[in-house]
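This is what each chain is made of:
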Amino acid sequence: MNFDVVVAGGSVAGLLCAREIASKRFSVLVIEEDYEIGTPEHCGGLVSMAGLEELGVIPFRKTFDHMIESAEITAPNGNSFTINSEKQKVVEISRRELDKQIAFQAQKNGAVIKVRTSFQEITDTGIRTNEEIIDCKIFVDARGVSSLVHKDRTGILLSAQYEIYADWIKKGKVEVMFDQEKYTGFFAWVIPSDEGKGKVGVAGRGINISETLDKILEEKGNYSTIRKIFAPIWVKGPIAKFVEGKTVTVGDAAGQAKPTTAGGIFTSGMGGVYAGQAISKFLKTNNRIDLEQYQKKWTKRFGKEFAKQIFARKILERVDNKTINKLFESITPEIVKEISEKDDFDFHTSSIIKLLGMKGSIKTAQTLIGGELKKLLS
Ligand SMILES: Cc1cc2nc3c(=O)[nH]c(=O)nc-3n(C[C@H](O)[C@H](O)[C@H](O)COP(=O)(O)OP(=O)(O)OC[C@H]3O[C@@H](n4cnc5c(N)ncnc54)[C@H](O)[C@@H]3O)c2cc1C
């Protein structure tokens, strides 16, 4: 078998990459090791409408669950504030359906998709799967965080996310809970998919995630668990080289998920889009500069924001509960209003800066964290 490009990983980044390549009439095969595109779903499904539009995906009715109206952020001592997110136009989508929708787009352009086929290794002429050897000019690694496990474990946190039914889940209201003792260096979350239904998850450094999540749920009230998933997330930002030899790495495999939240539908998806465009150009010209454009384009778009997010993450990993409680006390209604009205879900370090009191009258954050904050602002 012979293709111009073989993509390993049939999820958002790999499928978008294949869609772009196929649109330029090059032959492309996507191999997915699972039984079904879109499963096992390991995602909260939060994404901005603007992000989806840029990815070239207008959600089908089946894909689109509902709009998110607010996000309640809670400190370790229980104090909280609520951001009205209506202006940011964030939606909760079904990844099972979204990935299938993108697979359909890729197939319509001419891509071939095979499930239950796993990438094993690179060969001299292409790759070897569990079934056969396939020749190709370019191999795209879109295998998600699993591709990073062997490269660098320090950027990986384990997450647990349960799909549950519970009266206390309110349609349209996301919850984010901080507690450095319980969810060190990360947070716990509730993402509704409807009234009384949703996903509750947690990640953290060196914690027992299933025990922690069970405790969160016990404290919240009655619930029934419909599904449990455990998946690694990557919080260290982009890898050094997206393109090496004939291998092009895209999506979470390239560290393109946000270092603050590990959200990657948009940023990892754009990695797939940019890579697909650069690969198509390279296949036409055979000029490696065209291939290298992929990393340049992604870095130009997201590099600065990701650098700031990495820094915000460093702060989060250093502060204790007392500090977080103090920071929450300094958040004024004006700051919350400003974030609600102006901020961008996909480029959210400006919200973090505001929350840290830099734009408000109280300079708690500077006192607590000192000069380091200047880096976030630069
Ligand atoms: C608990 C959790 C919640 C999340 N919530 C959100 C959210 O609300 N919003 C958001 O934007 N992002 C969220 N994310 C992140 C988001 O899911 C990822 O950023 C996104 O799915 C990355 O897409 P990808 O295509 O790069 O990789 P993945 O979606 O990880 O896909 C990789 C694919 O490669 C396949 N694969 C692996 N190895 C092989 C192999 N050897 N051969 C063939 N196929 C292989 C896998 O089966 C998989 O289908 C969440 C992640 C987790 C874990």
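Student: Looking at this model, I keep getting lost on the pattern of salt bridges. Mind explaining?
Tutor: When the charged atoms of two side chains with opposite charge come close together, those side chains can pair. Counting across every chain of the model gives 22 salt bridges. Across the pair lysine 281 and aspartate 290 runs a salt bridge whose closest N-O atoms are separated by 4.0 Å. Between arginine 313 and glutamate 317 there is a salt bridge, and its shortest N-O distance comes to 2.8 Å. With arginine 313 and glutamate 317 both in helix α6 (residues 288-318), this residue pair falls four residues apart, about one helical turn.

Student: What exactly am I supposed to notice about the pairing of strand β10 (residues 126-129) here?
Tutor: Successive residues of a regular strand alternate their side chains across the two faces of the sheet. The pairing of strand β9 (residues 119-122) with β10 spans three bridges and is antiparallel. Within β10, the position partnered with glutamate 121 by the bridge is arginine 128. Counting the residues in the hairpin turn of β9 and β10 gives three residues. Sheet analysis places β10 next to strand β11 (residues 133-141), joined by three bridges and oriented antiparallel.

Student: What is the right way to read the site of the ligand from this model?
Tutor: Taken together, the neighbourhood of the ligand is formed by 32 residues, with Ser11, Glu32, Gly44, Leu46 and Asp252 sitting nearest. Valine 12 is positioned with one of its backbone polar atoms (N or O) 3.4 Å from an oxygen atom of the ligand. Between an oxygen atom of the ligand and a main-chain N or O atom of aspartate 252, the distance comes to 2.8 Å. Protein coverage of the free-state accessible area of the ligand, which is 1,000 Å², stands at 90%. At the level of elements, α1 (12-23), β2 (28-32), β12 (156-165) and β16 (224-234) are the ones that each hand at least two residues to the shell around the ligand. Class assignment of the residues belonging to the shell around the ligand gives a composition of 12 nonpolar, 14 polar and six charged. When residues of the shell around the ligand are assigned to domains, at least three fall in each of domain 1 (2-65 + 93-152 + 236-302) and domain 2 (155-234).

Student: Help me out: how do you make sense of the layout of surface pockets in this one?
Tutor: By rolling a water-sized probe across the atoms, one finds the places where empty space is left. Here the second largest pocket defines a volume of roughly 320 Å³. When residues of the lining of the second largest pocket are traced back to their parent elements, those giving at least two are β13 (173-177) and α4 (209-220). For the lining of the second largest pocket, the element with the highest residue contribution is α4, accounting for six residues. Here the residues of the lining of the second largest pocket sort into six nonpolar, four polar and seven charged.

Student: Can you walk me through the sheet that holds strand β7 (residues 90-93) in this structure?
Tutor: Within the open sheet, the three strands sit side by side as β3-β7-β4. Their pairing is antiparallel. If you trace the sheet from one side to the other, it starts and ends with β3 (46-48) and β4 (64-68), each paired once. The sheet shows a mean angle of 35 degrees between the axes of neighbouring strands, direction not considered.

About the cut-offs
- Residues numbered from 1 in each chain as written.
- Predicted model: local features only at pLDDT ≥ 70, side-chain atom pairs only at ≥ 80, totals over all residues.
- Heavy atoms only, no water.
- Salt bridge = Lys/Arg side-chain N within 4 Å of Asp/Glu carboxyl O.
- Helix = DSSP H or I, 4+ residues; strand = E, 2+ residues; numbered from the N terminus.
- Pairing = 2+ DSSP bridges.
- Near = heavy atom within 4 Å.
- Polar contact = N/O pair within 3.5 Å; in protein donor to acceptor, adjacent residues only side chain to side chain.
- Areas by Shrake-Rupley, 256 points an atom, 1.4 Å probe, with all protein chains shown as cover.
- Nonpolar A, V, L, I, M, F, W, Y, C, P; charged D, E, K, R; others polar.
- Domains from an automatic or database assignment.
- 1 Å grid on protein atoms, 1.4 Å probe; cavity = no way out; pocket = protein on both sides within 12 Å on 5 of 7 lines; lining within 4 Å.
- Points joined across faces, edges and corners; volume = space filled by probe spheres on them.
- Axes fitted to C-alpha atoms, helices over the stretch in contact; angles between N-to-C directions.

These results come straight from atomic positions and should not be treated as a statement about function.
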